[in-house]
Amino acid sequence: CIFLAAYYGHGECLKLLLAAGGDVNKCLTNGQSPTYNAAFNGHSECLTLLLAAGGDVNKCLNDGTSPIYVAAFNGHGECIKLLLAAGGDVNKCNNDGASPIFVTAQNGHAGCLKLLLASRADPRSTLKGFSALAVASALAGGSIARGQAPTAAAKVPSPAEYRLFAMQKEGDPA
C-alpha cells in the first residue's frame, strides 16, 4: 500500500500508512521501492514523508537505477534536492554505466543539471565514449564538443542513439 500511495502521490494516505507501521522500504522483486516511485513521478511531498520515515535514499532497481537517477531522468528538481539532502549518491551509475548527470543532459533538464553540478556530480561522466556535454550538445542541435560528429560505430543510449545517428545521416558537419 505504501508503494502505491508513493507512486500515485497520495500524501495523506501515505501519512496514515506510515503511522500504522507500514514498511517504508518494501520493494517489488525488481528492487522498485516507494522512494523510487515518489522520485520517478516527482511527488516531492511523498518523498519528504518517505525519507523522514527512513526510506532508503540509494535503494536501486536491480538494474542499478537509483532514485536520484530517475528523478534526474524525468526532470524532477525538487525531488533531486530532497534526495541529495538525504545523502543520495549524485554519481551512482546504473548497470549500463549511465549517471544522473548524463541522463539529465540527455533529456535537456538544465535546472536539474545545475543542481547535480552544484552537488559535485562528475561532469566528465561518460557512457560508451560520449560525455554528458557531447550528448547535450548533439541533442540541442549543435555538433559534438569541438566540432566532432560521432562515428558510425559510436553507441549511445536510447533515445539519443537514434537522434545522433540521424544527425550523421543528415550530414551534420564534422
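Preceding this section is the structure that the text describes.
Residues numbered from 1 in each chain as written. Predicted model: local features only at pLDDT ≥ 70, side-chain atom pairs only at ≥ 80, totals over all residues. Heavy atoms only, no water.

### With respect to the side chain of asparagine 37
Of note, asparagine 37 is situated in helix H3 (residues 34-41). Those residues in contact with asparagine 37 that sit more than four places away from it in its chain are Phe3, Ala6, Tyr7 and Gln32. (Helix = DSSP H or I, 4+ residues; strand = E, 2+ residues; numbered from the N terminus. Contact = heavy atoms within 4.5 Å.)

### Quick word on the pattern of salt bridges
Tallied over the full model, the rule gives two salt bridges. Salt-bridge contacts for glutamate 12 lead to lysine 15; the nearest nitrogen and oxygen are separated by 3.1 Å. Linking glutamate 12 with lysine 15, this pair stays in helix H2 (residues 11-19), spanning three residues, or about one helical turn. Taking relative accessible area as the criterion, glutamate 12 reaches 52% and is therefore assigned exposed. Its salt-bridge partner being lysine 81, residue glutamate 78 comes within 3.8 Å of it at the nearest N-O pair. One end of the pair is glutamate 78 and the other is lysine 81, both in helix H6 (residues 77-85) and three residues apart, which spans about a single turn. (Salt bridge = Lys/Arg side-chain N within 4 Å of Asp/Glu carboxyl O. Buried < 20%, exposed > 50% of the residue type's maximum accessible area, 1.4 Å probe, protein only.)

### Some details on the nonpolar core
Counting 35 residues, the largest nonpolar core has Leu14, Leu50, Ile80, Leu83 and Leu116 as its most contacted members. Only helix H1 (2-8), H2, H3, helix H4 (44-52), helix H5 (67-74), H6, helix H7 (100-106) and helix H8 (110-118) provide two or more residues apiece to this core. Looking at this core element by element, the count peaks at five residues for H5. Aside from chain neighbours lying at most four places away, what touches leucine 83 is Thr35, Ala39, Leu47, Leu51, Val57, Pro67, Ile68, Ala71 and Gly88. (Core = buried A, V, L, I, M, F, W, Y, C linked by side-chain atoms within 4.5 Å.)

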